Amino acid sequence: MPEDSVNKVYERTENGSTTTVSVKDAMTEVNHAMMGGRRQVREMSSGSTRHDIQYKDGRRVTLTLVDQPAEEPTENCTPMAGGKVHSISHGTLHDGTEAPPFPLCRSGASTNQGTRYRKVAAALTCSTCLEYARRRAARKAKAST
């Protein structure tokens, strides 16, 4: 996959209903319409960033290449002295006040009780925290199906 398509997705519009699909899924549909499923296609036009497919059953599909929407930065933490960005542990102290920022993972300097952290609105850079986020997303997706 070319590097410039890493941050790209396709908007798939079928009879007025628009969804976002990956480049791989869009190209699979285009290739199927051109090859294996061509007998179900009435008319098709294809360019580098837009593909129009009109099926014999009346469906009309338009695939348009667009930039992937940027994710909203979430509240994370990083050491005061600088370093990787970690997922933040939310909690309260025994007196009910908000706990100081501390990473969820126990990697690197986070095992040192003297390390202080500050809140930041930045993307994760800690590999352990990124893996935890990937697992949470997979569990959430599995639970919603």
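A quick note: this is a predicted structure, and the numbers were derived from the prediction, not measured.

Regarding its fold elements, the protein presents 2 helices and 8 strands. Looking at the protein residue by residue over its 145 residues, the buried ones come to 26%. A separation threshold of at least 6 residues defines the contact pool for the protein, and within that pool the share at least 24 residues apart is 46%. Of the accessible surface of the protein, which amounts to about 10,200 Å², a share of 51% is contributed by carbon and sulfur atoms.

Now for the sheet that holds strand 2 (residues 17-21). Ordered by their spatial adjacency, 5 strands build an open sheet running 2-1-5-4-3, and the pairing between neighbours is antiparallel. Of all strands in the sheet, those bounded by a partner on one side alone are strand 2 and strand 3 (41-46). Sheet twist, expressed as the mean angle between neighbouring strand axes with direction ignored, is 15°. In this structure, strand 1 (residues 8-14) lies alongside strand 5 (residues 60-67), joined through 7 bridges in antiparallel fashion.

Taking strand neighbours across the sheet as the criterion, the 3 strands line up as 7-6-8 in an open arrangement whose pairing is antiparallel. The sheet is open, and its two edges are formed by strand 7 (86-87) and strand 8 (117-121), each paired on a single side. Of the strand pairs in this sheet, strand 6 (residues 75-79) and strand 7 are connected by 2 bridges, and their pairing is antiparallel. Counted as the bridge partner of Asn76 is Ser87 from strand 7.

Next up on the list: the packing of aromatic side chains. All told, the structure shown has 1 aromatic pair when counted by the stated rule. Ring centres of Phe102 and Tyr117 lie 5.5 Å apart, and the angle between their planes is 80°; on these two criteria the pair is classed as edge-to-face. On the criterion of sequence distance, the pair formed by Phe102 in the loop between strand 7 and strand 8 and Tyr117 in strand 8 is long-range, its members being 15 residues apart. Take Phe102: its relative accessible area is 21%, and that puts it in the partly exposed class. By relative accessible area, which is 6% here, Tyr117 ends up buried. Note that Arg59 overlies the ring of Tyr55, its terminal NZ or CZ placed 4.1 Å from the centroid.

Taken as a whole and judged by the stated rule, the model has 0 disulfides. Cys129 supplies the cysteine sulfur nearest to Cys77, a cysteine that is in no disulfide, at a spacing of 7.4 Å. Owing to a relative accessible area of 0%, Cys77 belongs among the buried residues under this scheme. There is no disulfide at Cys105, and the cysteine sulfur nearest it, in Cys129, is 3.6 Å away.

What counts as what
- Residues numbered from 1 in each chain as written.
- Predicted model: local features only at pLDDT ≥ 70, side-chain atom pairs only at ≥ 80, totals over all residues.
- Heavy atoms only, no water.
- Helix = DSSP H or I, 4+ residues; strand = E, 2+ residues; numbered from the N terminus.
- Buried < 20%, exposed > 50% of the residue type's maximum accessible area, 1.4 Å probe, protein only.
- Contact = heavy atoms within 4.5 Å.
- Areas by Shrake-Rupley, 256 points an atom, 1.4 Å probe, with all protein chains shown as cover.
- Pairing = 2+ DSSP bridges.
- Axes fitted to C-alpha atoms, helices over the stretch in contact; angles between N-to-C directions.
- Phe/Tyr/Trp six-rings, centres within 6.5 Å; stacked < 30°, edge-to-face > 60°.
- Lys NZ or Arg CZ within 6 Å of the ring centre and 35° of its normal.
- Disulfide = S-S within 2.5 Å.

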